[in-house]
Amino acid sequence: MAVPVAFFALFFAYPVTAIVGRGLKAEGAWQFGRIGEVLSRPDILDVLWFTTWQALASTALTLLIALPGAYVFARFDFPGKQVLRAVVTVPFVLPTVVVGTAFLALLGRGGLLDELWGVRLDTTVWAILLAHVFFNYAVVVRTVGGLWSQLDPRQEEAARVLGAGRFAAFRRVTLPALAPAVAAAALMVFLFTFTSFGVVQILGGPAYSTLEVEIYRQTAQLLDLPTAAVLTLVQFAAVGGILAVHAATVRRRERALKLVDPAQTSRRPRGAGQWALLGGVLLTALLLILLPLGVLVERSLDGPGGYGFGYYQALQSVGAGGSSTFLVPPLEAVGNSLRYALVATLIALVIGGLAAAALTRRAGRLVRGFDALLMLPLGVSAVTVGFGFLITLDKPPLDLRTSWILVPLAQALVGVPFVVRTMLPVLRAVDDRLREAAAVLGASPLRAWREVDLPLVRRAVLVAAGFAFAVSLGEFGATVFIARPDNPTLPVAVARLLGRSGELNYGQAMALSTILMLVCAVSLLLLERIRTDRSGEF
């Protein structure tokens, strides 16, 4: 536990505490009265209200649209099912900046709807809600559909034989078994939309602002640290409560259920109703998932002289078309992001692997508190972390403000929770008697881990690395503060291009977003291949 605790204390607790302290301290004394002053301001109350109700609306809309998809993926067998499952998961690993850019190309000025019908939805709440559904569709399909595919359908069939109608059998038999999974998915979607940053910043315009966006505005634009500190505490408390409810829901999911092999529950659709449901889900996936991504690619190729790779070629030069957005060619952001993400993945694997091992071997309140510590980066504003890095890691012996390692460190903070959650169940499943037998035969603890644990958890390590890489590649909230102008990452480069007027800047933003989307999609496909590779089953 020592190394992960030291890592989180130095690169998480210290920067966050420092930035909050600067905002709430005056002349060396804490000014807690500022909390009441900030929370009584009408503009801040509007932000809190919008953050809450848009998260609730996004969650409800996501469940409404995605639950039929969860049923189709769980119960139906049709050609291209595995490919479609990977496709609908692509948006979840995409950076929120790319999601916002894709919907901007579809709904914004000069977008597909604007060209066809003269309709613009950017700077409206509908654009934000649809983008959130696009981003979180896979959360419901994976969480609910995964359990649904393992529920024994004979239980519902028995209820129907005893006289229950189709809806009554579903309501009394299947729905109670699915309720914890549905609740867990809803809580996760609410968490992601409550802390939404990139989507709201790009699509919401000045009229809409979530807590995360407002923290960024107060910190970076207005330099109002007291307000930013109060909002950080509010968001941390709210997300902490959400995670606590989520943990309780997960524990409820662990109750005994009669589960079967998913292959036994999947069959081809029967009857007109089931075929219509399958067609509706496929149409939803086409319009909601594929259309925004397709429009993004189309806009990246639609140059002033017709379709071609002009915008991609412009990424290779500095100041193309009179733009001074970058000090280096924008295409260098691709290499920067890959290098940063690789280093961040290595850091996350080391820290997360040690943390998962510690959580596996010991129990008690100390370890439970350590487990909660690992989840804290999900509950604190990434903007606060990034700005905290700048004001704390600027003095010897840790003067890292000009060092390239600062970006991977910030990205690794977000990657560690995914590594822990991926590796922990597998490590707990390893039989302790195998380790004990190796020790009896004279193996040292290190050799026992290398010879016993590592072969069994190898695939879990690869899956964890894939998640950490995808998350690191798309991190934006903290990176936007600490990425140097001569070493931008892909999400930061896209945001900068969208922040400037001009057709060339817009086209380059679409091109960079397409590149980032393809890199994330390739990472996901490799991850899916690892997860479904039966040769490494254990």
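Residues numbered from 1 in each chain as written. Predicted model: local features only at pLDDT ≥ 70, side-chain atom pairs only at ≥ 80, totals over all residues. Heavy atoms only, no water.

Student: Any chance you could explain the overall build of the protein here in plain terms?
Tutor: Helix and strand counts for the protein stand at 24 helices and 6 strands. Relative to its full complement of 538 residues, the protein shows a buried share of 50%. Total accessible area on the protein is roughly 24400 Å²; 64% of this is exposed by carbon and sulfur atoms. (Helix = DSSP H or I, 4+ residues; strand = E, 2+ residues; numbered from the N terminus. Buried < 20%, exposed > 50% of the residue type's maximum accessible area, 1.4 Å probe, protein only. Areas by Shrake-Rupley, 256 points an atom, 1.4 Å probe, with all protein chains shown as cover.)

Student: Would you explain the confidence of the model for the protein in this entry?
Tutor: Taken over all residues, the pLDDT of the protein has a mean of 82, while the share at 70 or more is 90%. Confidence, read as mean pLDDT per element, is least for helix α13 (residues 262-265) in the protein (61) and greatest for helix α3 (residues 42-75) (93). (pLDDT = per-residue confidence, 0-100.)

Student: Whenever I open this one, helix α14 (residues 271-301) confuses me. Can you help?
Tutor: Quick reminder: α-helices carry 3.6 residues per turn. Residues three or four places apart thus point the same way. Compared with an ideal rise of 1.5 Å per residue, which puts 31 residues at 45 Å, α14 spans 43 Å between its outermost C-alpha atoms and is within 8% of the ideal. Every buried residue belonging to α14 is among Q274, L278, V281, A285, L288, I289, P292, L293, V295, L296, R299 and S300, and all of these are buried. (Expected span 1.5 Å × (residues − 1).)

Student: For this particular structure, what's the right way to read the pattern of salt bridges?
Tutor: Any two side chains of opposite charge can pair, given that their charged atoms come close. One pass over the full model with this rule turns up 6 salt bridges. For R217, the salt bridge goes to E214, with nearest N and O atoms at 2.8 Å. Here R217 and its partner E214 are both found in helix α11 (residues 211-221), 3 residues apart, which amounts to about one turn of the helix. The exposure class of R217 is partly exposed, given its relative accessible area of 31%. Given a relative accessible area of 3%, E214 falls into the buried group. We note a salt bridge from R484 to D486, for which the minimum N-O separation is 3.5 Å. Residues joined by salt bridges that share partners form a network here, namely R41, D43 and D224. (Salt bridge = Lys/Arg side-chain N within 4 Å of Asp/Glu carboxyl O.)

Student: Mind showing me how you'd approach the packing of helix α5 (residues 96-107) against α14 here?
Tutor: How two helices pack is summed up by the angle between their axes together with the distance between the axes. Between α5 and α14, the shortest axis-to-axis distance is 8 Å and the interhelical angle comes to 80 degrees. Classified by the interaxial angle, the pair formed by α5 and α14 is roughly perpendicular. Between α5, through V98, T101, A102, F103, A105 and L106, and α14, the contact on the second element is made entirely by L288, L291, P292, V295, L296 and R299. Counted by class, the contact of α5 with α14 contains 10 nonpolar, 1 polar and 1 charged residues. (Axes fitted to C-alpha atoms, helices over the stretch in contact; angles between N-to-C directions. Parallel < 35°, antiparallel > 145°, perpendicular 65-115°, else oblique. Contact = heavy atoms within 4.5 Å. Nonpolar A, V, L, I, M, F, W, Y, C, P; charged D, E, K, R; others polar.)

Student: Looking at this structure, how should I read the nonpolar core?
Tutor: If you look at soluble globular proteins, the nonpolar side chains tend to sit buried side by side. One finds F7, L94, L203, L374 and F389 to be the most contacted residues of the largest nonpolar core, which totals 156 residues. A per-element tally of this core places helix α7 (residues 125-148) first, with 15 residues. When neighbours within four sequence positions are excluded, F7 is seen to be in contact with F12, I347, I351, L409, A412 and L413. (Core = buried A, V, L, I, M, F, W, Y, C linked by side-chain atoms within 4.5 Å.)

Student: For this particular structure, what's the right way to read the packing of aromatic side chains?
Tutor: To describe a pair of aromatic rings, one takes the distance between the centres and the angle between the planes. Scanning the entire structure with this criterion turns up 16 aromatic pairs. With a centroid separation of 5.2 Å and 75 degrees between ring planes, the pair formed by F103 and F134 is classed as edge-to-face. With F103 in helix α5 and F134 in helix α7, the pair connects residues that are 31 residues apart, well separated along the chain. Assigned by exposure class, F103 and F134 land together as buried. The rings of F7, F8, F11, F12 and F389 are connected pair by pair, giving a single aromatic cluster. (Phe/Tyr/Trp six-rings, centres within 6.5 Å; stacked < 30°, edge-to-face > 60°.)

Student: How should I be thinking about the packing of helix α19 (residues 406-429) against helix α21 (residues 445-474) in this particular structure?
Tutor: In the contact formed by α19 and α21, the axes pass within 8 Å of each other and the chain directions differ by 150 degrees. Put simply, α19 runs roughly antiparallel to α21. Note on packing geometry: the crossing formed by α19 with α21 is right-handed. Where α19 abuts α21, its residues Q411, V414, G415, F418, V419, T422, M423, V426 and L427 lie against D453, L456, V457, A460, V461, V463, A464, F467, A468, V471 and S472. Along the lines of polarity and charge, the residues of the contact of α19 with α21 split into 15 nonpolar, 4 polar and 1 charged. (Left-handed = near helix turned anticlockwise from the far one by under 90°.)

Student: Can you help me understand unusual backbone geometry in this one?
Tutor: In most cases, non-glycine residues show a negative phi, while peptide bonds are predominantly trans. Of note in this structure, L223 is not a glycine but carries a positive phi near 55 degrees. Here L223 lies in the loop between α11 and α12 (225-253).

Student: I tried to follow the environment of P95 on my own but got confused; where do I start?
Tutor: Among the structural elements, P95 can be located in the loop between α4 (81-93) and α5. Residues P95 and P491 lie 396 residues apart in sequence; the distance between their C-alpha atoms is 7.1 Å. Excluding residues within four positions of it along the chain, P95 makes contact with G474, P491, L516 and C520.

Student: Could you clarify how one ought to interpret the side chain of Q54 in this entry?
Tutor: Turning to its location among the elements, Q54 is positioned in helix α3. With relative accessibility at 0%, the residue Q54 sits in the buried group. Of note is the side chain of Q54, whose polar atom sits 3.2 Å from the backbone oxygen of T51. Ignoring sequence-local partners within four residues, the contact set of Q54 consists of I128, L129, H132, T193, F194 and T210. (Polar contact = N/O pair within 3.5 Å; in protein donor to acceptor, adjacent residues only side chain to side chain.)

Student: I would appreciate a short explanation of a nonpolar patch on the surface in the present structure.
Tutor: Taken together, the side chains of L283, L286, L287 and L290 define a hydrophobic patch exposed on the protein surface, amounting to about 350 Å² of accessible area. Tracing the sequence through the fold places L290 in helix α14. Its relative accessible area of 38% is what places L290 among the partly exposed residues. (Patch = residues over 30% accessible without salt bridge, like charges linked within 9 Å, V, L, I, M, F, W, Y side chains within 5 Å.)

Student: Teacher, can you tell me more about the environment of V93 here?
Tutor: Looking at the secondary structure, you find V93 in helix α4. A residue is classified by how much of its surface remains accessible, and V93, at 12% relative accessible area, is buried. For the pair V93 and G474, spaced 381 residues apart in sequence, the C-alpha separation works out to 7.9 Å.

Student: Teacher, can you tell me more about the environment of R142 here?
Tutor: One can find R142 in helix α7. Its relative accessible area of 27% is what places R142 among the partly exposed residues. Residues R142 and G69 lie 73 residues apart in sequence; the distance between their C-alpha atoms is 9.7 Å.

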